[in-house]
Amino acid sequence: MKRVAHRLLAVAIVSTLAAQAQAEVALDVIGDYEVSFEGLVQADGNWFNNDVVDLNGSSGNDGKDSEFEMRRAELVLKGKGTMFDWVLGYDAKANKYLDVNLKWKLGSNYVQVGQFKQVNSLEELSSTKNNDFISKAMVTNTFAVGRRVGVAYGDGGKNWGYTANVFGREMTRNLGQGQGFGGRFYYAPIVDGDSTLHFGVSAVDYDTNNDTQRWRIRPDADLATARLIDTGNILNADRNRTYGLEGLWSSGPFKVQAEYMRTTTTRTSNSTAADFTGDSWYVSGVWNITGESWGYKGGTPTTPLPNDPAAGMWQVGVRYDDANLSDGSIRGGDEHNITVGMNWYWRSNVKIMANYVAVKSSKYNSALAADLSDDPNIFETRLQFFW
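Criteria and cut-off values
Residues numbered from 1 in each chain as written. Predicted model: local features only at pLDDT ≥ 70, side-chain atom pairs only at ≥ 80, totals over all residues. Heavy atoms only, no water. Helix = DSSP H or I, 4+ residues; strand = E, 2+ residues; numbered from the N terminus. Buried < 20%, exposed > 50% of the residue type's maximum accessible area, 1.4 Å probe, protein only. Areas by Shrake-Rupley, 256 points an atom, 1.4 Å probe, with all protein chains shown as cover. pLDDT = per-residue confidence, 0-100. Contact = heavy atoms within 4.5 Å. Salt bridge = Lys/Arg side-chain N within 4 Å of Asp/Glu carboxyl O. Phe/Tyr/Trp six-rings, centres within 6.5 Å; stacked < 30°, edge-to-face > 60°. Lys NZ or Arg CZ within 6 Å of the ring centre and 35° of its normal. Lys, Arg positive; Asp, Glu negative; His and termini not counted. Polar contact = N/O pair within 3.5 Å; in protein donor to acceptor, adjacent residues only side chain to side chain. Patch = residues over 30% accessible without salt bridge, like charges linked within 9 Å, V, L, I, M, F, W, Y side chains within 5 Å. Pairing = 2+ DSSP bridges. Core = buried A, V, L, I, M, F, W, Y, C linked by side-chain atoms within 4.5 Å.

A. Structural context of the overall build of the protein. Scanning the protein for helices and strands turns up three helices and 24 strands. If one aligns the C-alpha atoms of the protein with their principal axes, the spans along those axes are about 65 × 45 × 45 Å. Per-residue burial for the protein yields a buried fraction of 49% across its 387 residues. With the model as given, the accessible surface of the protein reaches about 18,000 Å², and the carbon-plus-sulfur share is 56%.

Structure, rendered in structure tokens:
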């Protein structure tokens, strides 16, 4: 399966490069469906200036403080029709299924069946190819459920919408598990030309895996093999319940975005241990230096194409994010990161990113019987090709 996926990826890249550059490749009209093919290839590099913990020491890198890896190799086939839309996606790098679902459109509302992103994260619901920063925020990587197989019902208009869903495990074996349900509601009092003001709330509730839960977070570096804050295994864990708040403001080339999530892991009825509660949040700002205006659709921001494709679109951004995994006897630690980044979109197919992350963390060390600070710095780059 792996060899086949890699060959399909190579064919897709060659065929796309040979064609005229565009955001997606229209294949055919089959019956009522406009069938298109999309792809996303990302290659990352991380350089670690370690403080206490060796952030990539367990990767077999012979003492080097850098990591390089193909991050994603996504292939997506889509069909758009009058009553139904369908999508079939696969990541050849991670060997896992992406969105694989059918959406039945009933006027402004819809029913969706299959695997799709759950609705408890604004950043997770936004397009991966247009991430503002190389690593998603700690709150997204920790408490957002991600893709699961389930059924969803939703409705909405220009400036409002809601979704309710039930879900089970992830389609690819040995990944996300735990049956649950969730929902999201958003309202945008301003959706006027180049200006948007958006607010949203979300909630999910789902089973833990084998009555055990572990919360741990990479320091805003996807290639790090170590985590600076970590609850360890929370035993006799019954369910996870996450509540989220989100906000977004954009005006012309400026965008400010923020999210907060609070998660409680409840214990089983036969446990005498207390429940655990952790939380995390971020606020970020991005400026399109070359003047392009942000868009908005379906409760998420959209990234514009360059005004001048030959020169491309330049962005600068900054993000502050915070996570706290300590509660009662569980001393998982807390972390505060500042990320500064620059992005360059060239034409409609190429993106180059560079990020600098300053990390400040603190976690209880049993050997010292005290909190131990660990404050590394990380430089990250990404080369991305998409169609």
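So, next bit.
B. View of the confidence of the model for the protein. Per-residue confidence for the protein gives a mean pLDDT of 92, with 93% of residues at or over 70. Of the regions scoring below 50 in pLDDT, residues 1-21 engages in 21 contacts with residues more than four places distant in sequence or in other chains.

C. Up close: unusual backbone geometry. Of note in the backbone geometry, asparagine 174 takes a positive phi value of approximately 65 degrees without being a glycine. One non-glycine residue, alanine 369, adopts positive backbone phi at about 55 degrees.

D. Quick peek at the environment of glycine 298. Here glycine 298 is to be found in the loop between strand S18 (295-297) and strand S19 (300-302). Along the sequence, glycine 298 and serine 36 sit 262 residues apart, while their C-alpha atoms lie 21 Å from each other.

E. Structural detail: the pattern of salt bridges. Applying the stated criterion across every chain, the model contains 18 salt bridges. The closest approach of N and O atoms between arginine 72 and glutamate 74, which form a salt bridge, is 3.7 Å. You'll find arginine 72 and glutamate 74 in the same group, each marked buried. Linking arginine 319 and glutamate 123 is a salt bridge whose minimum nitrogen-to-oxygen distance equals 3.9 Å. A residue pair is termed long-range when its members are at least 10 positions apart, and arginine 319 in strand S20 (residues 313-327) and glutamate 123 in helix H2 (residues 122-125) qualify at 196 residues.

F. Structural view of the packing of aromatic side chains. One pass over the full model with this rule turns up 14 aromatic pairs. Summarising the aromatic geometry, the rings of phenylalanine 143 and tryptophan 215 are spaced 5.0 Å apart at their centres and angled 70 degrees between planes, so their arrangement reads as edge-to-face. Taken together, the positions of phenylalanine 143 in helix H3 (residues 138-143) and tryptophan 215 in the loop between strand S11 (212-213) and strand S12 (216-217) put the pair 72 residues apart, joining distant regions of the chain. Each of the two residues, phenylalanine 143 as well as tryptophan 215, counts as buried. Aromatic side chains phenylalanine 167 and tyrosine 206 sit 6.3 Å apart centroid to centroid with 50 degrees between the ring planes, which places their arrangement in the tilted category. Of the two residues, phenylalanine 167 is situated in strand S8 (residues 160-167) and tyrosine 206 in strand S10 (residues 195-207); the sequence distance between them amounts to 39 residues. With respect to burial, phenylalanine 167 and tyrosine 206 carry one shared label: buried. Of note, lysine 103 hangs over the ring of tyrosine 110, and the distance from its end group to the ring centre comes to 4.6 Å. Here the guanidinium or amino end of arginine 148 rests over the ring plane of tyrosine 206, the centre of that ring lying 5.8 Å away.

G. Focus on the side chain of aspartate 155. By the element assignment, aspartate 155 lies in strand S7 (residues 147-156). It turns out aspartate 155 is buried and unbridged, and the closest side chain with the opposite charge, lysine 103, is 11 Å from it. A polar contact of 3.5 Å, which involves the side chain of aspartate 155, links it to the backbone nitrogen of asparagine 109. The contacts of aspartate 155, once residues within four sequence positions are left out, are Ser108, Asn109, Tyr110, Trp160, Gly161 and Tyr162.

H. Highlighting a nonpolar patch on the surface. A contiguous nonpolar patch, built from Trp249, Phe254, Val256, Trp281, Val283, Trp287, Ile289, Trp314 and Met342 and spanning about 790 Å² of accessible area, is present on the exposed surface. Along the chain, tryptophan 314 turns up in strand S20. Classification of tryptophan 314 by relative accessible area gives partly exposed; the value is 35%.

I. Inspection of the pairing of strand S21 (residues 330-346) at higher detail. Relative to S21, S20 is paired through 14 bridges, and the arrangement is antiparallel. Paired with aspartate 322 across the bridge in S21 is histidine 336. The hairpin formed by S20 and S21 contains two residues between the paired strands, and glycine 328 there has a positive phi angle of roughly 65 degrees. Bridging between S21 and strand S22 (residues 350-365) involves 13 bridges; their strand directions are antiparallel.

J. Structural context of the side chain of glutamate 380. Position of glutamate 380 relative to the elements: it lies in strand S24 (residues 377-386). Look at glutamate 380: it is buried, it has no salt bridge, and the nearest opposite charge is arginine 319 at 6.7 Å. Those residues within four positions of glutamate 380 in sequence are excluded, and the remaining contacts are Gly45, Asn46, Ile134, Ser135, Asp220, Ala221, Met353, Ala354, Asn355 and Val357.

K. Representation of the nonpolar core in the model. Formed by 19 residues in total, the largest nonpolar core has its most connected members in Trp215 and Leu325. Going through the elements one at a time, H3, S10, strand S17 (276-288) and S20 are the ones with two or more residues in this core. Here the element with the most residues in this core is H3; it accounts for three residues. If we ignore the near neighbours within four places in the chain, the residues touching tryptophan 215 are Thr142, Phe143, Tyr206, Asp230, Thr231, Gly232, Ile234, Asn240, Thr263, Thr265, Phe276 and Leu325.

L. Spatial organisation of the environment of phenylalanine 181. Residue placement: phenylalanine 181 occurs in strand S9 (residues 180-192). Considering only alpha carbons, one finds phenylalanine 181 and asparagine 377, 196 residues apart in sequence, at a separation of 38 Å.

M. Summary view of the pairing of strand S23 (residues 370-374). Relative to S23, S22 runs antiparallel, the two being bridged by five bridges. Following the sheet pairing, tyrosine 364 is matched in S23 by aspartate 371. Connecting S22 to the antiparallel partner S23 that follows it, the hairpin turn spans four residues, and alanine 369 within it adopts a positive phi of roughly 55 degrees.

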